[in-house]
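Residue-level listing of the chains:
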Amino acid sequence: QVHLVESGGGLVQAGGSLRLSCAASGNIFKPNVMGWYGQAPGKQRELVAAITSGGSTNYADSVEGRFTISRDNAKNTIFLQMNNLKPVDAAIYYCHAQFGGMNFWGQGTQVTVSS
């Protein structure tokens, strides 16, 4: 059983910053990919950023240069540093982990950006 617990969401003004964290517990195999997906009201869940256990990263075009994903493999934790936030970034952000053909999701953390 794998559990993903997110933290760090909240309300921020446009131009501000937030840092999300996701701690994974349980039997986590390597190699794996962990990442963040965002889901705005009425829209599909979309990839924001992902990072492999080897450190390779992938970003949505809309966040490239503003968001940075990182991980601490020793603690099975990933982070998402979000800078210069825009109202369009507002969403529920879900942590995701994939390995061994299995997918796991966190419960989500709300990010609200006021204009």
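Before reading on, note that the structure itself is shown above.
The paragraphs below set out a description of the structure included in this document. If you're wondering where the values come from, they're calculated on a predicted model, not measured in any experiment. (Residues numbered from 1 in each chain as written. Predicted model: local features only at pLDDT ≥ 70, side-chain atom pairs only at ≥ 80, totals over all residues. Heavy atoms only, no water.)

Moving on, we come to the packing of aromatic side chains. On inspection of all chains with the given rule, the structure shows three aromatic pairs. Taken together, a centroid distance of 5.3 Å and an interplanar angle of 70° make the contact between Phe-29 and Phe-99 edge-to-face. With Phe-29 in the loop between β3 (18-26) and β4 (33-39) and Phe-99 in strand β9 (residues 91-99), the pair connects residues that are 70 residues apart, well separated along the chain. The class for Phe-29 is partly exposed, based on a relative accessible area of 46%. Cluster of aromatic residues (ring-pair linked, three or more members): Phe-29, Phe-99 and Phe-104. Above the ring of Tyr-94, the side-chain terminus of Arg-45 is found at 3.6 Å from the ring centroid. Over the aromatic face of Trp-105 sits the side chain of Arg-45, whose NZ or CZ is 4.7 Å from the ring centroid. (Phe/Tyr/Trp six-rings, centres within 6.5 Å; stacked < 30°, edge-to-face > 60°. Helix = DSSP H or I, 4+ residues; strand = E, 2+ residues; numbered from the N terminus. Buried < 20%, exposed > 50% of the residue type's maximum accessible area, 1.4 Å probe, protein only. Lys NZ or Arg CZ within 6 Å of the ring centre and 35° of its normal.)

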